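# Reading the structure
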Amino acid sequence: MSAQDISASLAQQRFSAVNTRLHNAVAHSQREPGSVKLLAVSKMQTPQQVAELYDLGQRAFGENYLQQALEKQQALPSLDIEWHFIGPIQSNKTRDIAHHFAWVHSVDREKVAKRLSDQRPSNLPPLQVCIQVNVSGEESKSGVTPETLPALAASVAELPGLQLRGLMALPAPTSDVSAQHLSFKKLRELMAQLNEQLSTLKLDTLSMGMSGDMEAAIDEGTTMVRVGTALFGPRPPIA
Ligand SMILES: *Cc1c(COP(=O)(O)O)cnc(C)c1O
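Source: prediction; values computed, not measured. (Residues numbered from 1 in each chain as written. Predicted model: local features only at pLDDT ≥ 70, side-chain atom pairs only at ≥ 80, totals over all residues. Heavy atoms only, no water.)

A word on the overall build of the protein chain. Of the regular secondary structure elements, the protein chain holds nine helices and eight strands. For 239 residues, the compact-globule formula gives about 18 Å, and the C-alpha radius of gyration of the protein chain, at 18 Å, lands near that figure. In terms of its C-alpha atoms, the protein chain occupies a principal-axis envelope of roughly 60 × 40 × 35 Å. Look at the contacts in the protein chain between residues 6 or more apart in sequence, and 58% of them connect residues 24 or more apart. Charged side chains in the protein chain number 22 positive and 24 negative. The centres of these two groups are separated by 4 Å. (Helix = DSSP H or I, 4+ residues; strand = E, 2+ residues; numbered from the N terminus. Rg over C-alpha atoms; globule rule 2.2 N^0.38 Å. Contact = heavy atoms within 4.5 Å. Lys, Arg positive; Asp, Glu negative; His and termini not counted. Charge placed at Lys NZ, Arg CZ, Asp CG, Glu CD.)

Here the focus is the packing of helix α1 (residues 3-28) against helix α2 (residues 47-55). The contact between α1 and α2 brings their axes to 10 Å, and the two run at 55 degrees. Considering the angle they form, α1 stands oblique to α2. As for how α1 packs across α2, the hand of that crossing is right-handed. Side by side, α1 and α2 meet where Q4, S7, A8, A11 and F15 of the first sit next to Q48, E52 and L53 of the second. Partitioning the contact of α1 with α2 into residue classes produces four nonpolar, three polar and one charged. (Axes fitted to C-alpha atoms, helices over the stretch in contact; angles between N-to-C directions. Parallel < 35°, antiparallel > 145°, perpendicular 65-115°, else oblique. Left-handed = near helix turned anticlockwise from the far one by under 90°. Nonpolar A, V, L, I, M, F, W, Y, C, P; charged D, E, K, R; others polar.)

With that out of the way, let us pick up the packing of aromatic side chains. Under the definition given, this model contains two aromatic pairs. Aromatic side chains F61 and W83 sit 6.1 Å apart centroid to centroid with 45 degrees between the ring planes, which places their arrangement in the tilted category. Placement of F61 in strand β2 (residues 60-63) and of W83 in strand β3 (residues 82-85) is noted, with a sequence separation of 22 residues between them. With respect to class, F61 is no different from W83; both count as buried. Consider the rings of F85 and F101, whose centres lie 5.4 Å apart with planes at 80 degrees: the pair is edge-to-face. With F85 in strand β3 and F101 in the loop between α4 (94-100) and β4 (103-107), the pair connects residues that are 16 residues apart, well separated along the chain. Like F85, the residue F101 is buried in the burial classification. R59 extends its terminal NZ or CZ atom over the ring of Y54, reaching a point 3.6 Å from the ring centre. (Phe/Tyr/Trp six-rings, centres within 6.5 Å; stacked < 30°, edge-to-face > 60°. Buried < 20%, exposed > 50% of the residue type's maximum accessible area, 1.4 Å probe, protein only. Lys NZ or Arg CZ within 6 Å of the ring centre and 35° of its normal.)

Under the defined criterion, the tally for this structure stands at eight salt bridges. Where R165 meets D204, a salt bridge forms, and the shortest distance between an N and an O atom there is 3.0 Å. Taken together, the residues R165 in strand β6 (residues 162-168) and D204 in the loop between α7 (177-197) and β7 (205-207) connect sequence positions 39 residues apart. For R188, the salt bridge is made with E220, and the minimal N-O distance between the two is 2.5 Å. Residue R188 is found in helix α7, and its partner E220 is found in the loop between α8 (214-219) and β8 (224-227); the two are separated by 32 residues along the sequence. The class of E220 is buried, set by a relative accessible area of 10%. (Salt bridge = Lys/Arg side-chain N within 4 Å of Asp/Glu carboxyl O.)

Let us now look at the site of the ligand. Residues in close proximity to the ligand include V41, K43, N64, I86, L170, M210, S211, R226, V227, G228, T229 and R235, which together make up its full environment. For the ligand, an oxygen atom lies 2.8 Å from a polar atom in the backbone of T229. Against a free-state accessible area of 380 Å², the protein chains account for coverage of 90% of the ligand. Looking at the shell around the ligand, its residues break down into five nonpolar, four polar and three charged. (Near = heavy atom within 4 Å. Polar contact = N/O pair within 3.5 Å; in protein donor to acceptor, adjacent residues only side chain to side chain. Areas by Shrake-Rupley, 256 points an atom, 1.4 Å probe, with all protein chains shown as cover.)

Right, let's get into the nonpolar core. Grouped together as the largest cluster of nonpolar side chains are 60 residues, with contacts concentrated most on L116, I131, L167 and L231. The contact partners of L167, leaving out residues within four places of it in the chain, are C130, I131, V133, L149, L187, L190, M191, L194, T205, L206 and S207. Grouped together as the second largest cluster of nonpolar side chains are eight residues, L39, W103, C130 and M168 included. (Core = buried A, V, L, I, M, F, W, Y, C linked by side-chain atoms within 4.5 Å.)

All right, on to the environment of G221 then. Its location among the elements puts G221 in the loop between α8 and β8. In sequence terms G221 and H23 are 198 residues apart; their C-alpha atoms lie 14 Å from each other.

So, to be careful, I would describe these as geometric facts and stop short of saying anything about function.
What follows is the structure in structure tokens.
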């Protein structure tokens, strides 16, 4: 077997293992089959690795670093991929994000939201966005606080270039399963409260759960798990 064949066969094993985990968790939590979407987080991975998963049927890919993402997109022009931006957003990067992605999960301030909306090309559908919420309360993490969320949601919902779809959380990593549940439950409750308080909103997306905690997220109602290492293996270090 060539190195390329070995890599493709490893990708297939990981892809099928992740899908098995996902299906088992959906069944175990008595969720509707097909109610949890798999986003493949391909940061630090090569275009070839993205193409391997694409060949297995994966279509949604998430990237954290804009420059890397744009290079990958240029290397794979013929693939019909739905690209999601999931990393921190600097306001001088909003134009490229607005032009080259279908989704953004990490909106956490009005200035960035407004720029994304203004810069979204009018021939593309509105950018699908989630607001990132800091549910574990650490100072270092990005995301709005639960207290400032309603005001930001109300203003994002007014922006014509954006469609507010839901909330995203990146809780502090922990192997404590009950702590995982607490963070995810909090995000689910925040979305339910928003839908209740702002009757014009119809938020339907909870972006939560990664390689280490997707079962807890599925149990708490996630609609999109963002999975990197379980699909691609360990990431190469940031250069
Ligand atoms: C890296 C990353 C992931 C994937 O994490 P894994 O533990 O590798 O599955 C998901 N979401 C965000 C925002 C990330 O930065």
